[in-house]
Amino acid sequence: MRRMDTQVDSFTIPSVLKACGQSSLAVLGKETHGFALKNGLDSDVFVSNALIQMYSECGNVVFARLLFDQMADRDVVSWSTMIRSYVRNRLFREALELIREMHCMQVKPSEIAMVSMVNLFADVADIEMGKAMHAYVVRNSTNEKLGVSISTALIDMYVKCGNLAYARRVFDGLAQKNIVSWTAMIAGYIHCRNLQEGAKLFNRMLVERNYPNEITMLSLVIESGSVGALELGKWLHAYILRNGFIMSLALATALVDMYGKCKEITYARALFDSVDNKDVMIWSALISAYAHANCTNQASDLFAQMKDSGVRPNQVTMGSLISLCAEVGALDLGKWVHSYIYQQRMEVDVILRTALVDMYAKCGDIDMALRLFSEASNRDSCMWNAMMTGFAMHGCGKQALELFEQMDRQGVKPNDITFIGVLHACSHAGLVADGKWLFEKMVHVYGLAPKVEHYGCMVDLLGRAGNLDEAHKLIKSMPMQPNTIVWGALLAACKIHKNPNLAEVAARELLELEPQNCGYNILMSNIYAASNRWNEVDGVRKSMKDRGTKKEPGLSLIEVDGSVHDFIMGDKAHPQTRKIYEMLAEMTKKLKEAGYTPNTSVVLQNIDEEEKEAAVNYHSERLAMAFGLISTAAGTPIRIVKNLRVCEDCHTATKLLSKIYGRVMIVRDRNRFHHFRDGYCSCGDYW
């Protein structure tokens, strides 16, 4: 157009800017901005609004706000575009401040602006603020009856605030319901796990001759996956096949993702294999499905197949792989994924960097996590929380507190998750006074009402420190019903500090809440066994047998040469079993020479001492450790991930083995990290 000397005006530029934003072409967007400046088109409000939108979609919200502030004339679209920019980039506090400013400037919002504002309150998920927003919408609406788009946004907002009754009231009040409003309400029921009502409303929709379209099915399949509703997901899949829907790539991807989230890998893979022209999203969905099921080797094989097929991975793909590495502690694979991202010059946005921080922390390399965090120029609350949670897992209580203070100084408002992370850090480091101070600050300084998770953290903090009566009093003073997290923290503390009487109180409450959960029975059995109350142990085990509940087996994972190997107690299924048991015998011999005596009190069975000694020697982490010693070079750190808490005997033995073999041994158990080096553990024997 320019080569042909055709005039470019204020109607042309916004279309080009929209294309740049949708394709995330920031450089071309800046060049177009420069062209607009040179030709005096930037003063046009239509062009300025398009520039704000483009910079926002390219992730540069700071530049978008700078343009907004410099605008001589702003219309209602300018305000709604800037609010939407903040919401898209999850800068909720800034969006709220802009809404207040808009209100003070007496700018009357359009329906599009109000939809953006309602979407913001949906993301904030504050029911009181949501109700106020609803009233604001009613007052500022030009029509007596609210339009379908704003009503649908209100339904979605109430659903995300967890109030289905209000959502249904808005839905029932609609004079005309279209397929979008039906979809929003049904998806809302699924989102809140009220599957029966969701199914009833779906059938009512069909009776009233409102038939679902592809968007409806996509929304419902996605929601089914998010809540793990496998049977509903299968029914929706069957409805799609029976009613002549074309299996589009988008639908196939949503179904693969749903089956993956429900851990039905066979169905996910079969559907994936049936698709001919696969794009990056469906590849990413199946990689994510394998990641969700902790199938490390299959996920990495699929990633290699994806590259060989000529499909270039995107940030979603890499995020799934990084999350998988974090879950199973596969540091080598995680490092490879990280280097691949840089080799391919992929944009590392705040979400991907947060995933990397989380991965390094969960894989035991807290120094690399901190380095990535420190190098970040743009940090949101999620990244701060990931780093704080990392410090908590590694028992770095003081560092977590310092990070919290730094976050406060930089004006980043802490949220519920922030306080869960920092309170956990205090718990794992025995910082009782600091934990109490933070709990008070959360309420009185930040105005955050403690949730049941925060009470769980406080009970854990007090219980670990031996303040069992204080922990019990806190539970009794809670304004809401204590859940399994709260009572479970007290029961675990009773085991540590050998208080069977209070443990019985906690166990009764837990079994009332979750009668099928064998973990509480096992813990109670362990407490009785530690006190040599074998009759009670037999009673608990008989009760478990009668109900058909089974103990979760101990499982340990170790990564060697990019492959993850798993072991259970007494495992003999590994191809190198003979060498592993030879190394295990050597380890046992060297431990005895170093003066180690097995702590057989952790074997909670009424068997003779020799059998107990044999049992502790074959714990899953010992087998993983033996495999690590025979499979890696001298001096290489050994990293193990265990699904249960490390027992006292293995903890003592690992300290000695780290000194005997001159190895750093890093074990991530259910509670935290243990860094064993030269006969010492980073937890200071407090876990």
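The following paragraphs examine the structure supplied in this document. Everything quoted here is computed from the prediction, not taken from an experiment.

The rules behind these values
Residues numbered from 1 in each chain as written. Predicted model: local features only at pLDDT ≥ 70, side-chain atom pairs only at ≥ 80, totals over all residues. Heavy atoms only, no water. Helix = DSSP H or I, 4+ residues; strand = E, 2+ residues; numbered from the N terminus. Rg over C-alpha atoms; globule rule 2.2 N^0.38 Å. Buried < 20%, exposed > 50% of the residue type's maximum accessible area, 1.4 Å probe, protein only. Contact = heavy atoms within 4.5 Å. Salt bridge = Lys/Arg side-chain N within 4 Å of Asp/Glu carboxyl O. Pairing = 2+ DSSP bridges. Core = buried A, V, L, I, M, F, W, Y, C linked by side-chain atoms within 4.5 Å.

Broken down by element type, the chain carries 36 helices and six strands. Against the compact-globule benchmark of 26 Å for 687 residues, the chain has a radius of gyration of 29 Å, which places it among compact chains. Considering only C-alpha atoms, the chain reaches an extent of 90 × 55 × 55 Å along its principal axes. Per-residue burial over the chain gives 50% buried out of 687 residues. A fraction of 63% describes how many contacts in the chain between residues 6 or more apart in sequence connect residues 24 or more apart.

So, about the pattern of salt bridges. A full pass over the atoms with the stated rule returns 20 salt bridges. A salt bridge links glutamate 375 to arginine 371; the nearest nitrogen and oxygen atoms lie 3.2 Å apart. A residue pair is termed a helical-turn pair when its members lie 3 or 4 positions apart in one helix, as glutamate 375 and arginine 371 do in helix H22 (residues 366-375) at four residues. Accessibility expressed as a relative area gives 48% for glutamate 375, which makes it partly exposed.

Once that is clear, we can look at the sheet that holds strand S6 (residues 680-681). Taking strand neighbours across the sheet as the criterion, the six strands line up as S2-S1-S3-S4-S5-S6 in an open arrangement whose pairing is mixed. A single partner strand is all that each edge strand has here, and the edge strands are strand S2 (563-568) and S6. The sheet contact formed by strand S4 (residues 665-668) and strand S5 (residues 673-677) spans four bridges and is antiparallel. Following the sheet pairing, methionine 665 is matched in S5 by phenylalanine 676.

This paragraph deals with the environment of tyrosine 211. With respect to the helices and strands, tyrosine 211 occurs in the loop between helix H12 (195-207) and helix H13 (214-227). A residue is classified by how much of its surface remains accessible, and tyrosine 211, at 52% relative accessible area, is exposed. Sequence separation of tyrosine 211 and isoleucine 179 is 32 residues, and the distance between their C-alpha atoms is 7.4 Å.

Another aspect to go through is the nonpolar core. Grouped together as the largest cluster of nonpolar side chains are 184 residues, with contacts concentrated most on Ile155 and Leu490. Look past the residues within four positions of isoleucine 155 in its chain and what remains in contact with it is Ala167, Val170, Phe171, Leu174, Ala184 and Met185. Core analysis: the second largest hydrophobic core is formed by 29 residues, Phe567, Ile640, Phe676 and Cys681 among them.

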